[in-house]
Amino acid sequence: EKYRKAAQVKVKSISLSPADFDYKFEPTEEEVRARYNASMASYTIPESLNLSQIVVGVEDWYNKEEVDAAKEKIDAAAQELKEGKSFADTATKYSDTADDGKIGSIEKPDGELPELYEFIFALKDNEISEVYESDFGYHIFMATDHKEKAVIPFEEVKADIESDMRDESFASAY
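Residues numbered from 1 in each chain as written. Predicted model: local features only at pLDDT ≥ 70, side-chain atom pairs only at ≥ 80, totals over all residues. Heavy atoms only, no water.

Draft legend 1. Seen up close, the pattern of salt bridges. Counted under the stated rule, the structure contains 12 salt bridges. With a closest N to O distance of 2.7 Å, lysine 64 and aspartate 68 form a salt bridge. In this pair, lysine 64 and aspartate 68 both sit in helix α2 (residues 64-82), four residues apart, roughly one turn of the helix. Lysine 64 gets classed as exposed once you look at its relative accessible area, which sits at 58%. Since its relative accessible area comes to 37%, aspartate 68 is described here as partly exposed. The shortest N-O distance in the salt bridge between glutamate 80 and lysine 93 comes to 2.8 Å. Residue glutamate 80 is found in helix α2, and its partner lysine 93 is found in helix α3 (residues 87-94); the two are separated by 13 residues along the sequence. Given a relative accessible area of 11%, glutamate 80 falls into the buried group. The network of salt bridges with common partners includes Glu26, Glu162 and Arg166. (Salt bridge = Lys/Arg side-chain N within 4 Å of Asp/Glu carboxyl O. Helix = DSSP H or I, 4+ residues; strand = E, 2+ residues; numbered from the N terminus. Buried < 20%, exposed > 50% of the residue type's maximum accessible area, 1.4 Å probe, protein only.)

What follows is the structure in structure tokens.
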């Protein structure tokens with residue numbers, strides 16, 4: 001114990017950036033555009049909308065009483081909506097979820113539950129759907145703030161692509 005001593009280490013460091021080196025690389029317009037075209041998927045904003053739902057779940061589709069009770073409940077919700085009641089109030093009253101039905105923003109996926117998403121994304125803004133039956137139960141949907149699929153224009157991402165290409169070139173050079 002008497003000969004033990006804490007280790008002592010001295011560290012010196014420096015911080016370097018590409019500007020500290022005499023390395024210059026400027027991608028051409030054609031190279032930048034080629035990178036943009038090759039990576040088009042990353043510059044694509046998928047179709048999206050804000051979704052609200054009323055859901056009445058069915059756990060056992062073979063239990064006629066449960067199915068009938070769920071159908072009666074969702075039909076009552078649909079009737080109130082047709083009479084002009086607010087979606088949020090109707091969802092709070094009838095939905096099995098403990099909220100006003102707001103799911104939030106969703107993007108249209110590729111290939112996942114195609115029938116359901118085609119149904120949802122066919123809705124116009126503020127349109128309330130008919131009753132939809134799924135494996136989980138009965139649903140009524142309302143879509144708002146529908147945004148179509150869009151591609152970010154080249155000019156908006158050109159500087160970012162150039163910067164990425166410069167960084168990649170520098171990293172491979174050193």
